[in-house]
Amino acid sequence: MGAREAGGSDLNARAWCKSALALIALLSSVPLLTGCWDRLEIEDRAVVLGISVDAIDPSEAEKEDEITHLRGSYLEPGGSMIRLGVQIAVPGRIPLGPGEGGGSGQGSSKRTVWVMDVPGYTIDDALMNLQQQLSGQLFFGHLRVIVVSESLARKGIQNLNDYLRRNSQLRRMAWMMVTKGKALDLMKSAPELERVPTLYLMSTMDSAVRMGKFPTNYVGMYWSRASKKGQEGFLPYVEMKKEQNIELKGMAYFKKDRMVGVTKPFEIATYMVIKGLNPAGYRAFVRLGNPERTVMVYATSRKSKINVDIRNGLPHFDVNIFTELNLEEKVSNELTVNRSSLLREVGKQNEKALLSSVESLIEQTKQAHSDIFGFGEYVRAMKPGYWRTHVKSKEAWQEMYPRITVDFHIHSRIRRIGMKAR
Amino acid sequence: MAEARQITTIQAAAILISTIIGVGVLPLPLFAVHAAESGAPFITFISALVAMASLVLVSVLGMRFPSQTIGQYSETIIGKWPGRIGSIMVIAFFAILTSLAAREFGEVVITAVLPRTPLEVTVTVMLLLAAISTRNNITTFAYIHFFYFPLLLGPALLITVLALKNADTINLLPIWGNGNIGIKGTIDGILTIASLFQSAFVLAIVIPSMRRPNRALRASIWGMVISGGLYVTIVLATVSVFGSEEIKNLLWPTLELAKATSLPANVLERLDAAFLAVWVTAVFTTLFSTYFFTVTELGNLFHLKDHKMLSFFLLPIVFLVAMLPQNILQMYEVIRNIGQMGLIITIGYPAFLLIIAWVRGKRGDRT
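Residues numbered from 1 in each chain as written. Chains lettered and ligands numbered in written order. Predicted model: local features only at pLDDT ≥ 70, side-chain atom pairs only at ≥ 80, totals over all residues. Heavy atoms only, no water.

So, the overall build of chain B
For step 1, the next point in the chain: Looking only at helices and strands, one finds 15 helices and zero strands in chain B.
For step 2, the next point in the chain: Relative to the compact-globule value of 21 Å for 367 residues, chain B shows a C-alpha radius of gyration of 20 Å, a close match.
For step 3, the next point in the chain: For chain B, the residues scored as buried account for 61% of the 367 residues in total.
For step 4, the next point in the chain: Contacts in chain B between residues far apart in sequence, at least 24 positions, make up 85% of those at least 6 positions apart.
For step 5, the next point in the chain: The centroid of the 23 positive side-chain charges in chain B is displaced by 15 Å from the centroid of its 17 negative side-chain charges. (Helix = DSSP H or I, 4+ residues; strand = E, 2+ residues; numbered from the N terminus. Rg over C-alpha atoms; globule rule 2.2 N^0.38 Å. Buried < 20%, exposed > 50% of the residue type's maximum accessible area, 1.4 Å probe, protein only. Contact = heavy atoms within 4.5 Å. Lys, Arg positive; Asp, Glu negative; His and termini not counted. Charge placed at Lys NZ, Arg CZ, Asp CG, Glu CD.)

Thoughts on the interface of chain A and chain B
For step 1, the next point in the chain: In this complex, chain A contributes 34 residues to the contact, which on the side of chain B involves 36 residues.
For step 2, the next point in the chain: Summing both sides of the interface, chain A and chain B together bury roughly 3000 Å²; the carbon and sulfur share of this comes to 51%.
For step 3, the next point in the chain: Ranking the residues of chain A by area buried against chain B places W37, D38 and R172 of chain A at the top, with a combined share of 22%.
For step 4, the next point in the chain: The tally of links from chain A across to chain B stands at five salt bridges.
For step 5, the next point in the chain: Measuring nitrogen to oxygen at the nearest pair gives 2.9 Å for the salt bridge that ties R165 of chain A to E246 of chain B.
For step 6, the next point in the chain: The tally of links between chain A and chain B comes to twelve residue pairs in polar contact (both at pLDDT 80 or more).
For step 7, the next point in the chain: Secondary-structure elements contributing two or more residues to the side of chain A that touches chain B are helix 1 (8-28), helix 9 (219-227), helix 12 (375-382) and helix 13 (384-391) of chain A.
For step 8, the next point in the chain: If you tally residues by element for the side of chain A that touches chain B, the top one is helix 12 of chain A, at five residues.
For step 9, the next point in the chain: The class makeup of the residues in the side of chain A that touches chain B is 14 nonpolar, eight polar and twelve charged. (Buried area = accessible area lost by both parts, 1.4 Å probe. Salt bridge = Lys/Arg side-chain N within 4 Å of Asp/Glu carboxyl O. Polar contact = N/O pair within 3.5 Å; in protein donor to acceptor, adjacent residues only side chain to side chain. Nonpolar A, V, L, I, M, F, W, Y, C, P; charged D, E, K, R; others polar.)

Some remarks on the pairing of strand 10 (residues 283-287) of chain A
One face of the sheet, then the other: side chains in a regular strand alternate in exactly this way.
Residues and elements named next belong to chain A.
For step 1, the next point in the chain: Burial along strand 10 is one-sided: A284 and V286 are buried, while R283, F285 and R287, pointing the other way, are not.
For step 2, the next point in the chain: Across five bridges, strand 10 lies against strand 11 (residues 294-311) in antiparallel orientation. For R287, the partnering residue across the bridge sits in strand 11 and is T294.
For step 3, the next point in the chain: Linkage of strand 10 to strand 11, two consecutive antiparallel strands, is achieved through a turn of six residues, within which G289 is found at a positive phi near 80°. (Pairing = 2+ DSSP bridges.)

Let's talk about a nonpolar patch on the surface
For step 1, the next point in the chain: Where nonpolar side chains cluster on the molecular surface, the patch consists of F42, F45, L49, I175 and W176 of chain B and spans about 530 Å² of accessible area.
For step 2, the next point in the chain: Here F45 of chain B lies in helix 3 (residues 40-64). (Patch = residues over 30% accessible without salt bridge, like charges linked within 9 Å, V, L, I, M, F, W, Y side chains within 5 Å. Areas by Shrake-Rupley, 256 points an atom, 1.4 Å probe, with all protein chains shown as cover.)

Looking at the nonpolar core
For step 1, the next point in the chain: By size, the foremost hydrophobic cluster in this structure holds 128 residues, and its most contacted members are W279 and F293 of chain B.
For step 2, the next point in the chain: Here this core takes 15 residues from helix 13 (residues 272-301) of chain B, the largest share from any one element.
For step 3, the next point in the chain: Residues within four places of F293 of chain B in sequence aside, it is in contact with I70, V90, F94, F201, V202, A204 and I205 of chain B.
For step 4, the next point in the chain: Within the second largest apolar cluster, 55 residues are counted, among which are I372, F375 and Y378 of chain A together with I170 of chain B. (Core = buried A, V, L, I, M, F, W, Y, C linked by side-chain atoms within 4.5 Å.)

Details of the side chain of T160 of chain B
For step 1, the next point in the chain: As for its position among the elements, T160 of chain B is in helix 7 (residues 138-163).
For step 2, the next point in the chain: What T160 of chain B contacts, discounting residues up to four positions off in sequence, is T233, I234 and A237 of chain B.

Points about the pattern of salt bridges
For step 1, the next point in the chain: Per the stated rule, a full pass over the model turns up 24 salt bridges over all chains.
For step 2, the next point in the chain: R283 of chain A is the partner of E328 of chain A in a salt bridge, and the nearest nitrogen-oxygen pair spans 3.0 Å. Linking E328 of chain A in strand 12 (residues 314-330) with R283 of chain A in strand 10, this pair joins segments that are 45 residues apart in sequence.
For step 3, the next point in the chain: Accessibility expressed as a relative area gives 40% for E328 of chain A, which makes it partly exposed.
For step 4, the next point in the chain: Between R413 of chain A and E351 of chain A there is a salt bridge, with its nearest N and O atoms 4.0 Å apart. Highlighted residues: R413 of chain A in strand 13 (residues 405-416) and E351 of chain A in helix 11 (residues 340-367), separated in sequence by 62 residues.
For step 5, the next point in the chain: Given a relative accessible area of 38%, R413 of chain A falls into the partly exposed group.
For step 6, the next point in the chain: Accessibility expressed as a relative area gives 15% for E351 of chain A, which makes it buried.
For step 7, the next point in the chain: Put simply, R165 and R172 of chain A together with E246 and E256 of chain B are held in one network by salt bridges that share partners.

Thoughts on the UniProt feature "domain: Spore germination GerAC-like C-terminal" (unreviewed entry) in chain A
For step 1, the next point in the chain: Per the UniProt record, "domain: Spore germination GerAC-like C-terminal" (unreviewed entry) is found at residues 249-418 of chain A.
For step 2, the next point in the chain: As annotated, residues 249-418 of chain A comprises 36% helix and 38% strand, and the C-alpha atoms at either end are separated by 29 Å. (UniProt positions renumbered as here; feature names shortened; annotations may be inferred.)

Quick notes on the packing of aromatic side chains
For step 1, the next point in the chain: Enumeration over the complete set of coordinates arrives at 27 aromatic pairs over all chains.
For step 2, the next point in the chain: When the centroid spacing of 6.4 Å and the interplanar angle of 45° are considered together, the rings of W397 of chain A and Y401 of chain A count as tilted.
For step 3, the next point in the chain: Under the relative-accessibility criterion, W397 of chain A is labelled buried at 1%.
For step 4, the next point in the chain: Among the residues examined, Y401 of chain A registers a relative accessible area of 0% and is labelled buried.
For step 5, the next point in the chain: A centroid spacing of 6.0 Å and a plane angle of 80° characterise the contact between Y148 of chain B and F284 of chain B, whose relative ring orientation is edge-to-face. One end of the pair, Y148 of chain B, is in helix 7; the other, F284 of chain B, is in helix 13, with 136 residues separating them in the sequence.
For step 6, the next point in the chain: Residue classification places Y148 of chain B among the partly exposed positions, given a relative accessible area of 24%.
For step 7, the next point in the chain: Clustering of aromatic rings is evident, with ring pairs tying together W175, F214, Y218, F234, Y271, F317, F373 and F375 of chain A.
For step 8, the next point in the chain: We note R45 of chain A situated over the ring of F139 of chain A; from NZ or CZ to the ring centre the distance is 4.1 Å. (Phe/Tyr/Trp six-rings, centres within 6.5 Å; stacked < 30°, edge-to-face > 60°. Lys NZ or Arg CZ within 6 Å of the ring centre and 35° of its normal.)

Let's talk about the packing of helix 2 (residues 28-36) of chain B against helix 10 (residues 216-242) of chain B
Residue and element names in this part refer to chain B.
For step 1, the next point in the chain: Relative to each other, helix 2 and helix 10 sit at 75°, their axes nearing to 9 Å. Comparing the axis directions of helix 2 and helix 10 gives the class roughly perpendicular. On helix 10, the residues that touch L28, P29, A32 and V33 of helix 2 are Y231, I234, V235, T238 and V239.
For step 2, the next point in the chain: In terms of residue class, the contact of helix 2 with helix 10 is built from eight nonpolar, one polar and no charged. (Axes fitted to C-alpha atoms, helices over the stretch in contact; angles between N-to-C directions. Parallel < 35°, antiparallel > 145°, perpendicular 65-115°, else oblique.)

Describing unusual backbone geometry
Leaving glycine aside, a negative phi is the common case for residues, and trans is the common case for peptide bonds.
For step 1, the next point in the chain: In the segment running from N278 of chain A into P279 of chain A, the intervening peptide bond is cis, with an omega of -5°.
For step 2, the next point in the chain: The residue P279 of chain A is located in the loop between helix 10 (265-275) and strand 10 in this model.
For step 3, the next point in the chain: Of note in the backbone geometry, N312 of chain A takes a positive phi value of approximately 50° without being a glycine.
For step 4, the next point in the chain: Position of N312 of chain A relative to the elements: it lies in the loop between strand 11 and strand 12.
For step 5, the next point in the chain: A positive phi angle is found at E37 of chain B, which is not glycine, with a value near 50°.
For step 6, the next point in the chain: Residue placement: E37 of chain B occurs in the loop between helix 2 and helix 3.
For step 7, the next point in the chain: The exposure class assigned to E37 of chain B is buried, which follows from its relative accessible area of 4%.

Take a look at the structure:
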């Protein structure tokens, strides 16, 4: 303003302009004066660390308070009910360092979190029932573990997935797992090692990935796999043991949103072999003749290449697998490990053992129509013409999957035998 | 033009880049996947080429009339009143573009970050910020863009590159898509994505202030290569990490990508906060450009010496238009429809002007 100079009337206008400007400046500060709408002190938050979801009998509806709907009204969703358990961090109780708080074993881990459970028809319904009896506002930004009971997973977890995808606070890096028995027990568990139980669950999974016991499978990855047309999702299948620890019991595989089966723990390794996933963490027995001549090997690295072509009007896959092994132990002295030809023999036997286990895993998933390997994705990506004319949809691939043929070409090489010479 | 010609070619390219990168990056992969599933990156590339047409036309026109903005030379080319009607349409379109970008910004903030802050407040604050900034002249306008563009480009590239470690190339095949979406859907998608680029039309008022207007074409090519390249990279990263089917479940896939990405060694476990900070800047620069275009062209239309008073005069109108969509789904329907219609203005109108200029042999004075 004001490079122009002129007479009195212009000066008047300038003065007016100035006061208008001042007014605008004053007004524009109004939005800043109100402070933060979304201010929420940490004490007023109920930080949810873990969630468990169980299927319960609809007869328990009587126990549900009338919070999101009135009983008997036409709005009642009906159908199956769930019991939702949450683990809420107690502010100030979670020790930040090893020295702090002087945590004394089991007792302290009970007090760092607060476990509650409520019934409900849907996830949101249950959460609202919970919120009604809780002072702090539920906050999911630190949700790390979602445990689903097997019975619910077999009914389908569409509703759970929908709620979690819609919620903007959730991270895709949380772990979702299926448990044998009641999921709530895992929330209530108090393992000795970690002072926060859900963090123990999480670190169990994270180190399982690091040790090669399970493929990386955050909930976001599970969702991506489950969405794909030529692939199905899977989740870790766990069971609580008597010392309140959890055991990785296998992979729960899904057909769309419904769990249709579970593998053995060793078959996780088989899955990782087929997909060529590293690091490799499982050990396997290899028998050379009689049972005394048995050694144990562990894989150090795996590679796999999946090729697809169309034979007799159906997709045919050639899976080339290469594994590198180390010898870790032998059963008795009947076998002397001192010649390289023997190691070649061990490799051969391992190839045979692997072949039978990969074929049985494929057979098992074929019967469940659950293509957790994503063979369908290879067809979609590499043979788009065939996909367009014969498959096109997820349902069609679920139908076709049992009819595909897969040939495995496995090569195993033993490289090292440890520090013992024979 | 009274102001000195101070904008360099690099600055002009920077203006284009930071103008193009805007609120649209969040739903971009969703639009692209709806157009061609796994062919999304390729479709984005095609869309960038379509959008390039607009920029080339504007540059050629600008080089033909090196000292005039689009409002001024349109009057020379097609006559005073038809030219003014054309200008009014362009101005109205840019005002609506500003409103919609502000509204989309508000919707993202209210859904993802600040659920209890009223929408009106986020939108007003953003518009106010843009309105205040438009009170500068075009040289300052260029400086502001030039200052922000590395701050946009760097982090955006870093996040996409970090995300690529979870990538699976099979999600990108076949690169033409699976053909589940008809030709109509694909063209619709291409036009929608191309419309995300159209705020680059602001070049039409930048050229008269460029030190060397004959380099406008070069600036627009660079601007398009870099911003288009970033768009393709973002779609590439999102599709390869999530797969096209999962993206259909996500309203803002790029934001999800930032959520799923962590810095190495878990320095930051989720990058969505960092990403949103960059994105707010990107939204600001886009709003700034479209608002600036509206205000200065309106000033030119009324032959005002100074466009500054219009900045705040326009604010309530832009704000009201931003409040018109009733819900988020309607907002996206409006954004798609207005964006596609806008292509008539940003591609059709300059093409029409150029043809008439050729036919009538009109050209501006060379300086």
